[in-house]
Amino acid sequence: MGIKNILDYMTLGIMTMILIISPFSKGLFFDEQLYIWELLIQLVFLIYLIARTIARKTLDIRAMILFCFPVLYLLSMIDSLSFFATIQEYIRWSTYASFFGTCYLLLLNNNIRKISPTLMTCYFLFIAIFPFLVQWGIIQYEDAIYTGRFSGFFQYPNTYGAIVAAGLIYTIVLKTSTDLSNKTNQLLNICLPLLAGAFLMSESRAATIVLLFIWLTGILLVSNNKLVNYFGLSLLSIVSGMFIYSFSTNLIAFLIVMAVTVLVLFVEDKNNIFEKCNRLVFLKKKNSIAFILIAFLAITTMGAIMYVSGLVPEQLIEKVKSISLESNSVAGRLNIYSLALEMSLISPLIGNGGDAWSILFPSHQNLPFWATETHSFFLDQLLKIGWSGFTIIMILLGCWLFKVSKNQFAFPHVTHLAALLASSVLLMHSMLDFNMRYGSFVMVLLIMILLSINPNSLAEFYINKKWVLLLIPVVTFVAISLFFNIRFYAATTIESDASSKDISLGAAEELYINAIRYNPWNPEYRLKLAEVYVTSYEKEQSEEVKKAAIRNLEKAVSMNPQYHKTLYDTANLYNDLGEKQSSIMYLKRATSLNEFSVQYAYPYIAQNIVYAEENPSNRQSNLEMAVQEYEEQMEHQMEYSSENIPDKVNVMLPSKAHVFAAESYLLLGEIEESKKALSRYEEAQDEQIKARYFALKNILYAEDSEQNENELVNTYISFFNKLVDEVK
């Protein structure tokens, strides 16, 4: 084995370990879990790229094609709403581009390409068996089973459903091949029922629709002499999957179902039953249509018999019945998609960078619903990198499909078709959900895309000095990514120590300052440092500490001026510092950016009124601001409280807000409005609020009450009467 092959196999071993171990970090969804893997993947890519180019004197520039994404994110910084979030996306996509480039170059080795289908089958087997092991208590992993549904490493059943659906269609098509080794065949025999069972256990409706569509497309693409195999394997997989679904909690029953299925497949392999049926069913191409119709009729009949006889699990039937274009889930997604398209016009050319949806969504929504993600990879990228980036994505996908279709006709091969259909499942489901937020999901997609391309189309060429110059921008992009990645990883490590409960304020301050040195672009670090200063100020009343807290609060706001949560957190900390006016100002900004949040509206109303009580000079304006916000929230409450809106947020103000509003109306001389507001109050546990309520009731209705014996109520009566006199 030459030095060139040793280099390839060493890199393959590292990439395989990354693919297997990295999903344990919650599927690489969160950037904090991704940093260490980003560092490793990019370093492996740089070392392998340079060493391989020197050793072989060859290069294929197409391996660098995904580096267009980091470039697009650099451009989006012009209109980005969060520099930190945009840099994180730059690092993420530099990592994906590095992973793609490494795998692309590895697959130029014919021996590696030959074993890659077996490696991916093993990976899908690993993904499928994992939640079963958790269910049986063999291993422990948080949320591998979420509300009774399999979610695997991803902790999200829909994404898990999509990836095992891709694995299922991949193994079905792969097994139709007659060129597989005996070991690979036996491995596929184990995978088929296991993947089908895991897929059904995810109970993902969207993945079911996508898989069905791609499976039907596969009928048109699978060659005639493989159609019986395709139908037979699909039917056997789903039937065994249903039994696994029914007996998944019973290990013995599970093993029996698996053993029977593997035995049936083994008998089929030995006797080539499907192959013989293929030769009998259609010797001519025109017979394929008749076979497809007969097969559909047979499958439908078998499904009806299983349904009537009660062999289909009831829970599975209910899930299928719930699939409807009029369901809340579909309606909710349509609300998100239409809003995302509308928001894409804010910065249509280059987008608004990382976290565009999170920042823009609350200020542009026209209905009170909750959505932390766009639930579509393509719309998410549209918001982040604009229509120019979206166009480039479409061009790349178009070129890939053109290359695949061209090669499929010229060099038809089962392994390429299997990878094509698996890629299609992953891409189509990503149109309907946020799968691409999971780094592990993206890695599998990129490998499937590469495996769908015929090796004859991955031709290398010898390089000269001019071609070597093309490596400079790629190395530069990765170097920039590594620079930020190392700093962010160091800052995250330090911040996790600072967040520990068993640590003094002084030590926490020092750790947060160090974290900010490494990552001065993260507003959360500034807020947490400010919180340390606020806690210290409450104990020591030091003006220097207070100034330090304010400096960090203002810095956090300057980094994220349009993010409602940053403004809300800043307002709370200003309130803790005793800076009521600044707190009210930031609460106003937060409520204006998130008008459907009663969580922000209530403190804004209450703080305005408390500030008005303490400051006669600004009393009128504060009372009017409180009333204005209260009336806006009551309009929302009247309009949307009884309306059926998917993922609707709470539009009901807390009961205590009505007491503060009643006081505000009273001081403004609007007695009837005050009575209306007070009538909406429902008794709360807070003694202060109850005392305010009874005091206002006494004043408004001029009636004595047993509550007058309560000293606190009498105090508020005197206080409110004094305020009314001052206003007059």
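Residues numbered from 1 in each chain as written. Predicted model: local features only at pLDDT ≥ 70, side-chain atom pairs only at ≥ 80, totals over all residues. Heavy atoms only, no water.

Turning our attention to helix 2 (residues 31-56). If you check helix 2, its first and last C-alpha atoms are 35 Å apart, about what 26 residues at 1.5 Å a residue would give, namely 38 Å. At Trp37, helix 2 is deflected by roughly 30°, the largest bend along its length. (Helix = DSSP H or I, 4+ residues; strand = E, 2+ residues; numbered from the N terminus. Expected span 1.5 Å × (residues − 1). Bend = angle between axes of the 7 residues up to and from the residue.)

Right, let's talk about a nonpolar patch on the surface for a bit. Among the surface-exposed residues, Met17, Ile20, Ile21 and Phe24 lie close enough to one another that they form a single nonpolar patch of about 330 Å² accessible area. Relative to the elements of secondary structure, Ile20 occurs in helix 1 (residues 3-21). Using a relative accessible area of 33% as the deciding quantity, one classes Ile20 as partly exposed. (Patch = residues over 30% accessible without salt bridge, like charges linked within 9 Å, V, L, I, M, F, W, Y side chains within 5 Å. Areas by Shrake-Rupley, 256 points an atom, 1.4 Å probe, with all protein chains shown as cover. Salt bridge = Lys/Arg side-chain N within 4 Å of Asp/Glu carboxyl O. Buried < 20%, exposed > 50% of the residue type's maximum accessible area, 1.4 Å probe, protein only.)

Now for the confidence of the model for the protein. Averaged over every residue, the pLDDT of the protein is 87; residues scoring 70 or more account for 88%. Ranking the elements of the protein by mean pLDDT puts strand 4 (residues 461-462) last, at 56, and helix 4 (residues 83-106) first, at 96. (pLDDT = per-residue confidence, 0-100.)

A few words on the environment of Leu396. Here Leu396 is to be found in helix 16 (residues 377-410). With 330 residues separating them along the chain, Leu396 and Leu66 place their C-alpha atoms 9.1 Å apart. In this structure, Leu396 is in contact with Ile65, Leu66, Cys68 and Phe69, ignoring residues within four places of it in sequence. (Contact = heavy atoms within 4.5 Å.)

Time to look at a negative patch on the surface. Residues Glu595, Glu624, Glu631, Glu632, Glu635, Glu639, Glu643 and Glu670 make up a contiguous surface patch of negative charge. Within the fold, Glu670 resides in the loop between helix 28 (655-667) and helix 29 (671-679). Since its relative accessible area comes to 34%, Glu670 is described here as partly exposed. (Lys, Arg positive; Asp, Glu negative; His and termini not counted. Charge placed at Lys NZ, Arg CZ, Asp CG, Glu CD.)

What follows is about helix 17 (residues 414-430). A rise of 1.5 Å per residue sets the reference length of helix 17, with its 17 residues, at 24 Å; its end C-alpha atoms lie 24 Å apart and thus fit the reference within 8%. Of all 17 residues making up helix 17, 16 are buried, and the element is well covered by its neighbours.

Turning to unusual backbone geometry, a few remarks are in order. A negative phi angle characterises most non-glycine residues, just as the trans form characterises most peptide bonds. A positive phi angle, near 50°, is found at Glu203, a position not held by glycine. Topologically, Glu203 is positioned in the loop between helix 7 (182-202) and helix 8 (205-221). Overall, Glu203 belongs to the buried group, its relative accessible area being 8%. The backbone phi angle of His375 is positive, close to 60°, even though this residue is not glycine.

So, about the environment of Glu538. Looking at where Glu538 falls in the secondary structure, it is placed in helix 22 (residues 523-540). Assessed through its relative accessible area of 44%, Glu538 is described here as partly exposed. Residues Glu538 and Asp576, spaced 38 residues apart in sequence, show a C-alpha to C-alpha distance of 8.0 Å.

Further remarks concern the packing of helix 17 against helix 18 (residues 439-451). At a closest axis distance of 8 Å, the pairing of helix 17 and helix 18 adopts a crossing angle of 145°. Remark: the crossing between helix 17 and helix 18 carries left-handed chirality. Residues Thr415, His416, Ala419, Ala422, Ser423, Leu426, Leu427 and Ser430 of helix 17 form the contact with helix 18, whose participating residues are Phe441, Val444, Leu445, Met448, Ile449 and Leu451. Here the contact of helix 17 with helix 18 is built from residues that sort into 10 nonpolar, 4 polar and no charged. (Axes fitted to C-alpha atoms, helices over the stretch in contact; angles between N-to-C directions. Left-handed = near helix turned anticlockwise from the far one by under 90°. Nonpolar A, V, L, I, M, F, W, Y, C, P; charged D, E, K, R; others polar.)

Attention now goes to the pattern of salt bridges. Summed over the entire model, instances satisfying the criterion amount to 13 salt bridges. With a closest N to O distance of 3.0 Å, Arg692 and Glu613 form a salt bridge. In this pair, Arg692 sits in helix 30 (residues 687-701) while Glu613 sits in helix 26 (residues 598-614), placing the two residues 79 residues apart along the sequence. Taken individually, Arg692 and Glu613 each receive the classification buried, so the pair is uniform in this respect. A salt bridge links Glu687 to Lys690; the nearest nitrogen and oxygen atoms lie 3.5 Å apart. Taken together, the positions of Glu687 and Lys690, both in helix 30 and 3 residues apart, correspond to about one turn of that helix. Since its relative accessible area comes to 17%, Lys690 is described here as buried. Look at the salt bridges and you will find they share partners, linking Glu89, Asp380, Lys384 and Arg437 into a network.

Turning our eyes to something else, we now look at the nonpolar core. Met64, Phe99, Met120, Ile169, Tyr170, Trp357 and Met448 are the most contacted members of the largest nonpolar core, which has 160 residues in total. Here this core gets 13 residues from one element, more than from any other, and that element is helix 4. Among residues more than four places away in sequence, those in contact with Phe99 are Met15, Leu19, Ile41, Met443, Leu446 and Ile447. Counting residues in hydrophobic clusters, the runner-up holds 36 residues, among them Ala606, Met634, Leu667 and Ile717. (Core = buried A, V, L, I, M, F, W, Y, C linked by side-chain atoms within 4.5 Å.)

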